[in-house]
Amino acid sequence: MNEPLVAERADTAVAELEVHGMTCASCAMRVEKALAKVPGVTRASVNLATEKATVEASGGVAPAALVAAVEKAGYEAVPVATETATLAIGGMTCASCANRVEKALARVPGVAGVSVNLATEQATVNTRSPLTGELQDQLVAAVKKAGYEATPLAADVDSAPAKKAAAGDEARREWRAVLVSAVLTAPLVLPMFGHWLGFDWMLPAAVQLALASVVQFVFGARFYRAAWKAVRAGAGNMDLLVALGTSAAYGVSVYAMLVHPGDMAHLYFEASAVVITLVRFGKWLEARAKRQTTDAIRALNALRPDRARIRVDDGARAEEREVPLAQVRVGTIVVVRPGERVPVDGVVLEGRSHIDESLITGESLPVPKAPDDPVTAGSINGEGAIAVRTTAIGAETTLARIIRLVESAQAEKAPIQRLVDRVSAVFVPAILVIAVITLGGWLFAGAGAETAILNAVAVLVIACPCALGLATPAAIMAGTGVAARHGVLIKDAEALETAHNVSVVAFDKTGTLTLGQPSLTAFEAADGLERNETLALAAAVQRQSDHPLAKAVVQAYEAQAQGAAWVAAAHARAVPGRGVEAEVNGRRLAIGSGRWLDELALTVPVTLAARARSLEGAGNTVSWLFDPHGGVLALLAFGDTVKPTAREAITSLKKMGVRSVLVTGDNAGSAAAVAAQLGIDEVHAQVLPDDKARTIRDLKIKSGGIVAMAGDGINDAPALAAADIGIAMATGTDVAMHAAGITLMRGDPALVAAAIDISRRTWRKIQQNLFWAFIYNLIGIPLAAFGLLNPMLAGAAMAFSSVSVVTNALLLRTWRASR
């Protein structure tokens, strides 16, 4: 077997290009030949269908050289992103900051795409070239040049505890700063309240100046630093608005103190101090709320034990030794005692127990585990000690993959966010213009300079681009987090946004709505024979067979016998294409198909023949228990059992206004029976894998809406990809999960309705947040401009606007599946 060139040569590099402009096979060949001529290229392959070129080169070839070769051949090429870097961004305060960081990173050579999330304070950078240390340094430098801080984040989830500790320290420092600022501001504000109550008491102007100066230039220093960085970068942000507004109020007060000594009426030190204190308090609340949106990630990270108990065999005897988790390797035998967390993905070698997988799959009941059953890192062992052979560790475990998937979804931008970004880009400049117009308008109207300045300050302070920037990502983080806790993994924000509008769900049958394993659905003995005794004979014939139908018969007998002795069978053998036979109590018995009966010229009793036709019409597979010399003894019917929650899933979808369709490769009778049992009106049976994708496309045209496909097998992958949104069962194949936008961590079809419900609720939160963010600014800014809001009220309103947006998003955490 030939190994790929990449495996043979350690110095071989692989690059991918998107090629545009190809119309036929000759175009693809021309691009292929052009790429093959580039020095260093060892092989080039162009796929016309996907419009992609894969290039293998020894020693590495610059992407620019490959692009130039394609363009010379008359086509367009764009390097496909090869790696992803994640940066922690410090200093962002509003949506315009996120936009500026995004643009700065996008200008770095080799960057294919950038997404900056204000809520997570992270930037995800896709690069066209390998992510070298030099490129990382360039990314960090670009962010710093834009006026912010950047730190590369490790992909390993082991760094999560350190990040959590750092975030906790920062939160405590911020809270202390808010408290001290509030203590210094209180003496400035209390006399104002006293004046309303009839007490005429004011601090001396010098004391007011001293207190306000500390608040303005010590606790407000962060606003000046961030504003200066924004100005140097040629842009504006929320910090610039706060810095300008509070400086104006502070400056007017200093001017009044010098020009009108002893006149306390013209001092507004309390306005500048209160605004700074309230904004910092609002930022603290906002950060606290944002940390709560990542509870799902922290809960998953907390599932990972730091140590594992391994079994070491030194040749003389085996002993158990506790070691750091990093020392465990694939194949290591790990011992898990009752009540402990499973540290690795693996397969049970010894012991039996029940495993609590609720925080990983959302399954509320412990799952029984026996030898050869898989176990997942992070789950909790129940009553029995088990030995597990490790199959995956570290970043390759199911838990680590879930964490990466949820983090990726939370870092993604929903398509609607692009509109918000465009608005945010012009927000701060527009506010500055409105503030200047307010100042000029009041002066033109004959108001005093102090009144004009204070109203302009109120405009600067009331404006809040933070709420706009947080509206979408906060809701997405909360929505994907609650989904993950209930066993629904949403791949990205686009899948979340698409799923809310689903009008049709197409279900695969086997393994999705049914258990995917045959069971004995009917057993009827011939006239004159006792049913239980005849079933015991059938089970004895099948007991030695590993065939799925044989296992179904044995399981049915075990459920009925309840510990009764087995009937002895000997000389069992399979008869290819027909069935199985054995000697039971000295009598030759067989179980097989109707064709075998015909070959032996055995007649089926009339009542059993009629029953067989009925069962086959309902999609069951019929077999017969018979004595080759004595006639038919019993009828056996096998069918795939419908999952307990399947009908509930279809009913829930109907209540949500979503139509269900069954698309299966099974025969029409079986499909119709399952559809009738579940209440599905539209059925497409005997559909081949390629035809499934075609059926999905036809449904999209016919319905005119968004079509989802739910499946679990390799044969479902084309249909999952063809649907507007694919929903894969994690109990199925990896191929199906890769093709889907949503993965259900347990094979429960009721989670399909849950996924759609969560996406709808998340979408509503996004709409609500954007509505309130826009309305807040549309109402607040004119009120401030017309002098109806003083700077202190404006500061309070601005500080709490973003808090309200994040708090509204956090209400998603209360979601519970409807039953």
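Values in this document were obtained by computation on a predicted structure and should not be read as measured data. (Residues numbered from 1 in each chain as written. Predicted model: local features only at pLDDT ≥ 70, side-chain atom pairs only at ≥ 80, totals over all residues. Heavy atoms only, no water.)

**Let's talk about the overall build of the protein**
Applied cut-off: Helix numbers and strand numbers start at the N terminus; a helix is a DSSP run of H or I with at least 4 residues, a strand a run of E with at least 2. Residue burial is assigned from relative accessible area. The probe radius is 1.4 Å, only protein chains are included, and a residue is buried under 20% of its type maximum, exposed over 50%, and partly exposed in between. Note on contacts: a residue pair is in contact if any heavy atoms of the two residues lie within 4.5 Å. Calculation of accessible area relied on Shrake-Rupley with a 1.4 Å probe; when residues are assessed, cover is drawn exclusively from the protein chains displayed.
What the protein contains, in helices and strands, is 28 helices and 30 strands. Evaluated residue by residue, the protein yields a buried proportion of 49% over its 819 residues. Considering only residue pairs separated by 6 or more positions, the protein has 68% of its internal contacts joining residues 24 or more positions apart. Entry remark: accessible area of the protein is about 37,000 Å², with carbon and sulfur atoms responsible for 57%.

**Quick look at the confidence of the model for the protein**
We apply this condition: Scored from 0 to 100, pLDDT reflects the predictor's confidence in each residue.
On average, residues of the protein carry a pLDDT of 79, and 81% of them reach 70 or more. Confidence over residues 1-11 falls short of pLDDT 50; this stretch has twelve contacts with residues more than four positions distant or in other chains. Across residues 155-159 the pLDDT falls below 50, and counting only partners more than four positions away or on other chains, this stretch makes five contacts in the model.

**Regarding the packing of helix α15 (residues 449-462) against helix α27 (residues 750-785)**
The cut-off we apply is this: The convention used is that axes are lines fitted to C-alpha atoms, helices contributing only their stretch in contact, and that angles between N-to-C directions extend from 0 to 180 degrees. Roughly parallel covers angles under 35 degrees, roughly antiparallel covers those over 145, roughly perpendicular covers 65 to 115, and oblique covers all other angles. Helix crossings are classified by the rotation of the near helix relative to the far one: an anticlockwise turn of less than a right angle makes the crossing left-handed, while a clockwise turn makes it right-handed. Lys, Arg, Asp and Glu make up the charged group, whereas Ala, Val, Leu, Ile, Met, Phe, Trp, Tyr, Cys and Pro make up the nonpolar group; the residues left over, Gly among them, are polar.
Two numbers describe how α15 lies on α27: the axes approach to 8 Å, and their chain directions differ by 165°. Between α15 and α27, the angle is such that the two are roughly antiparallel. Judged by the twist between their axes, the crossing of α15 over α27 is right-handed. Contacts from N455, A458, V459 and I462 in α15 reach Y776, N777, G780, I781, A784 and A785 in α27. Of the residues in the contact of α15 with α27, the class split is seven nonpolar, three polar and no charged.

**Points about the sheet that holds strand β20 (residues 514-525)**
Note the cut-off: Here, a strand pair is defined by DSSP locating no fewer than two bridges between the strands.
Across the sheet, which stays open at both edges, the six strands sit in the order β20-β25-β24-β23-β22-β21 with antiparallel pairing between neighbours. Each end of this open sheet is capped by a strand with a single partner; those strands are β20 and β21 (569-575). Between one strand and the next, the sheet's axes are offset by a mean angle of 20°, whatever the strand orientation. Pairing of strand β23 (residues 587-592) with strand β24 (residues 621-627), which is carried by three bridges, proceeds in the antiparallel orientation. When the sheet's bridge partners are listed, I591 is paired in β24 with L625.

**Describing the pairing of strand β7 (residues 122-127)**
The pairing of strand β5 (residues 83-90) with β7 spans six bridges and is classified as antiparallel. In the strand pairing of β7, T86 is matched with T124. Note that strand β6 (residues 111-117) and β7 share six bridges and pair antiparallel. Across the sheet, residue V116 finds its bridge partner in β7, namely A123.

**What about unusual backbone geometry?**
Positive phi values are uncommon outside glycine, yet H571 reaches one of about 55°. When you line up the elements, H571 lands in strand β21. Non-glycine residue A601 carries a positive phi angle of around 60°.

**Some points on a nonpolar patch on the surface**
Spelled out, the test is: What goes into a patch is any residue over 30% in relative accessible area without a salt bridge, connected to like charges within 9 Å or, for nonpolar side chains (Val, Leu, Ile, Met, Phe, Trp, Tyr), within 5 Å. Salt bridge, as applied in this entry: a Lys or Arg side-chain nitrogen positioned within 4 Å of an Asp or Glu carboxyl oxygen.
On the surface, a nonpolar cluster with roughly 540 Å² of combined accessible area is contributed by L778, I779, L783, F786 and L788. As for its placement among the helices and strands, L783 is situated in helix α27.

**Some thoughts on the packing of helix α7 (residues 205-219) against helix α8 (residues 221-232)**
Where α7 meets α8, the axes come as close as 4 Å, and the angle between the chain directions of the two elements is 40°. Taken together, the axis directions place α7 and α8 in an arrangement best described as oblique. Facing Q216, F217, V218 and F219 of α7, the residues of α8 in contact are A221, R222, F223 and Y224. The residue inventory of the contact of α7 with α8, partitioned by class, reads six nonpolar, one polar and one charged.

**Structural notes on helix α18 (residues 531-542)**
Formally: An expected span of 1.5 Å times one less than the residue number is assigned to each helix. Here a polar contact is recorded for every N or O atom pair within 3.5 Å, except that within protein the pair must consist of a potential hydrogen donor and a potential acceptor, and residues adjacent in sequence are included only if both atoms are side-chain atoms.
In this model, α18 (twelve residues) spans 17 Å end to end at C-alpha, consistent with the 16 Å of a helix rising 1.5 Å per residue. The element α18 is extensively covered by neighbouring structure, given that nine of its twelve residues are classed as buried. Measuring from the backbone nitrogen of N532 back to the side-chain oxygen at the start of α18 gives 3.0 Å, which picks out E530 as the cap.

**With respect to α15**
Residue pairs three or four apart in sequence face the same way in an α-helix, which turns once every 3.6 residues. Taking 1.5 Å of rise per residue, 14 residues should cover 20 Å, and α15 covers 20 Å from first to last C-alpha, within 8% of that figure. Taken residue by residue, α15 has E450, A452, L454, N455, A456, V457, A458, V459, L460, V461 and I462 as its buried positions.

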